[in-house]
Structure formats: structure tokens, C-alpha cells
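Structural features, examined
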Amino acid sequence: GEHYTDANGCIRLDRLRDGWYRAEEVEAPAGYRIKGDGVEEFYLEAGRDKEITVENIPLSTIVIRKIDAETGKPLAGAWFRVNFLGDSTGTDGTTIAERPTDESGQIELQGLDKGAYVVSEISAPKGYVLDPANTRTTYLAGEKQDFITITYGNQKMGALLIVKKDALTGKPLANVDFSVTDSDGAVVGNGNGKFTTDYAGSILIPDLEPGKTMVIKETRTVPGYVLDDAPQTIKIKANETMVAEFR
């Protein structure tokens, strides 16, 4: 027959005949898994008590938290990959999860066996910097139900504001073209590095990687003005809008 353990983890069966018996655990409690095949075979002598001990293996939980590095605000939409290495740390292991953080900025992985786990951020939320060093290794001992939280902080991207003004009056100049590259010559944006000032004489380029140096050069001006083709360089900072002004 089928029986369930009580609050003390026990099952007591009385008035059994002598003979061979087979006990099989068919379902472990939440947070545990069956050890081996879960089968115990034993001989019971009439008039004698017999105690059978069945061990379960505790399973653990890893929670990945993603926050804004400055404000601590939870960030949704950050993608993580989790690899299970087992008891070895010399291989890439097996990928057991690849998913984004939820609205609370978390990923919860339950029912984990003992062993080493590598957690890697593979995509940052929009407007934030992906840190290539955001890889952590944690080890679950498997001796109890561990609950491990790994927190990742990301910095916001920077931005560049280009401003074009009349040198004498300070009047904003619209329809002036600029080229923007980084210090390695790679063009910025989807327009082959070309940007044009708006009615306010400005160009705003968001989501630029902090630490990158931008090279800004005026390539076409409006009638009645002299082209200022001397380039400006400016280094992008996290969560700041850097201003390059041309007159």
C-alpha cells in the first residue's frame, strides 16, 4: 500500500507477518530528491521490530538579483545564463537556464543539486552597461537546503549632447551636420556616424558606453557661416550627458 510520513518523518506499520518486504519512496518532499533508486528490501522476523531509514538529498535555490548600481532599483530584462559544473570546475558544464530577470529584477532557480554553478550576465537591460566581468561561480554544498542570493549592479549608459550656436549671438543653428566616431574610428549610430542639429541646434545621442572617447567633427554648416572642421573629443561617463559645444 501507499503511506505518507507524519510530522516526525515516520511511517509505522503494525501486525506484519514475517517475510521479505520492499519499501520504495515514490515522491520526496518539496525541496528534496530521492537518493538513488529509493528502494529498500529487508527481511522482517515475526515478533521483532525493524527500523528502516531512508535518506533524501536536500535541494537548494539560487536567486539572481539585478539592480541599478547607483540607486539600487531592481532592473527587469537582464539576461543571464547559468551553467552547472557538478563537482568539477574544469569544464564549461551544462547550461540549465537562460532567461531574463522579471519585474522585481530577479531570477529564482529552485531544486538545485550540490555542485558548482557559473552565473553569467549575457545581456544588460536597455540603457545599461554590460560588464564582461559579471560572471560569478558559487558552490552548493548539498548538506542542507541552501538559499543563495547573487546580486549584480549595472551602471547606466552615458549620453552625448552636441550643441551648435552662432559665435556672436549664441543663437542655435539648425541643419548643421556632424560626424561622430569613437577613438578607434568606429562610427556611432545607424546613420554611418552622421547627425544633424534640430531646431534647437542640438543633437542628443543616448546609450553610449562609459569610458569610450567620442570624436565629433562638423562636416557641413548652413549658408552664411564658416565651417568649423576642428574636431572635439570627449570621454563618456556613466549616467551623465557630456556636452560638446560648437560655435
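Refer to the structure presented above.
Residues numbered from 1 in each chain as written. Predicted model: local features only at pLDDT ≥ 70, side-chain atom pairs only at ≥ 80, totals over all residues. Heavy atoms only, no water.

1. Here's the deal with the overall build of the protein
Rule in force here: Secondary structure elements follow DSSP: runs of H or I of four or more residues count as helices, runs of E of two or more count as strands, with numbering from the N terminus. We compute the radius of gyration over the C-alpha atoms and compare it with the globule rule, which gives 2.2 Å times the number of residues raised to the power 0.38. With a 1.4 Å probe rolled over the protein chains alone, any residue whose accessible area is under 20% of its type maximum counts as buried; one over 50% counts as exposed, and the rest are partly exposed.
Looking only at helices and strands, the protein features 0 helices and 18 strands. Against the 2.2 N^0.38 benchmark of 18 Å for 247 residues, the protein shows a C-alpha radius of gyration of 32 Å, more extended than a compact globule. Along the first, second and third principal axes, the C-alpha set of the protein runs to 110 × 35 × 25 Å. In the protein, which comprises 247 residues, the proportion classed as buried is 34%.

2. Notes on the environment of Leu227
For clarity, the cut-off: When checking whether two residues touch, look at their non-hydrogen atoms; a contact exists if any pair is within 4.5 Å.
Summarising the element assignment, Leu227 is placed in the loop between strand 16 (213-220) and strand 17 (232-235). Given the relative accessible area of 36%, Leu227 is considered partly exposed. For Leu227 and Leu160, which are 67 residues apart along the polypeptide, the C-alpha to C-alpha distance reads 21 Å. Those residues in contact with Leu227 that sit more than four places away from it in its chain are Glu218, Thr219, Arg220 and Thr221.

3. Section: the sheet that holds strand 6 (residues 79-86)
Stated precisely, the cut-off is as follows: We call two strands paired when DSSP finds no fewer than two bridges between them. The convention used is that axes are lines fitted to C-alpha atoms, helices contributing only their stretch in contact, and that angles between N-to-C directions extend from 0 to 180 degrees.
What the 4 strands build is an open sheet, ordered 7-6-9-10; its pairing is antiparallel. Each having just a single partner strand, strand 7 (94-100) and strand 10 (135-140) make up the two edges of the open sheet. On average, adjacent strands in this sheet sit at an angle of 20° to one another, irrespective of strand direction. By the bridge criterion, 6 bridges tie strand 9 (residues 115-123) to strand 10 in an arrangement that is antiparallel. The residue bridging Gly115 from the neighbouring strand is Leu140, located in strand 10.

4. Quick look at the sheet that holds strand 5 (residues 60-68)
The strand order 8-5-11 describes an open sheet built from 3 strands, whose pairing is mixed. Edge positions in the open sheet fall to strand 8 (106-112) and strand 11 (147-154), since each of these has one partner strand only. Going from strand to strand, the sheet's axes swing by 15° on average, the running direction of each strand aside. Strand direction decides the pairing type here: strand 5 and strand 11, joined by 8 bridges, are parallel. Bridging across to strand 11, Arg65 finds its partner in Thr151.

5. Some points on the pairing of strand 18 (residues 241-246)
The alternating pattern of strand 18 places Met242, Ala244 and Phe246 on a buried face, while none of Thr241, Val243 and Glu245, on the opposite face, is buried. Relative to strand 18, strand 12 (residues 158-164) runs parallel, the two being bridged by 6 bridges. Each bridged residue has a counterpart across the sheet, and for Leu161 the counterpart in strand 18 is Val243.

6. Details of the side chain of Asp182
Where we set the bar: N or O atoms closer than or at 3.5 Å make up a polar contact, with two conditions inside protein: a donor-capable atom paired with an acceptor-capable one, and, for residues adjacent in sequence, both atoms drawn from side chains.
Relative to the elements of secondary structure, Asp182 occurs in strand 13 (residues 177-182). There is a polar contact of 2.9 Å between the side chain of Asp182 and the backbone nitrogen of Asp184. Once residues within four sequence positions are removed from consideration, Asp182 is found in contact with Val188, Lys212, Thr213, Met214 and Val215.

7. Section: the pairing of strand 12
Extensive coverage of strand 12 is indicated by the burial of 6 of its 7 residues. Relative to strand 15 (residues 202-208), strand 12 is paired through 5 bridges, and the arrangement is antiparallel. Looking across to strand 15, one finds that Ile162 is bridged to Ile203.

8. With respect to unusual backbone geometry
With phi around 60°, Asn192 is a residue other than glycine that occupies positive phi space. Secondary-structure assignment places Asn192 in the loop between strand 13 and strand 14 (194-196). The class for Asn192 is exposed, based on a relative accessible area of 64%. Although it is not a glycine, Asn239 adopts a positive phi angle of roughly 60°.

9. Looking at the packing of aromatic side chains
Basically, it comes down to this: Between 30 and 60 degrees the pair is tilted, below 30 it is stacked and above 60 it is edge-to-face, where a pair is any two Phe, Tyr or Trp rings, Trp via its six-membered ring, whose centres lie within 6.5 Å.
Considering all chains together, one arrives at 5 aromatic pairs under this definition. Here the aromatic rings of Trp20 and Tyr43 are separated by 5.6 Å at their centres, their planes lie at 65°, and the arrangement is edge-to-face. You can see Trp20 sitting in strand 1 (residues 19-24) and its partner Tyr43 sitting in strand 3 (residues 39-44), a full 23 residues away along the chain. Its relative accessible area of 65% is what places Trp20 among the exposed residues. Relative accessible area serves as the criterion here: at 38%, Tyr43 is assigned to the partly exposed category. Seen from their ring centres, Tyr21 and Phe42 are 6.0 Å apart, and the 15° between their planes marks the pair as stacked. Separated by 21 residues along the polypeptide, Tyr21 in strand 1 and Phe42 in strand 3 bring together distant segments of the chain. Look at Tyr21 and you get partly exposed, because its relative accessible area is 25%.

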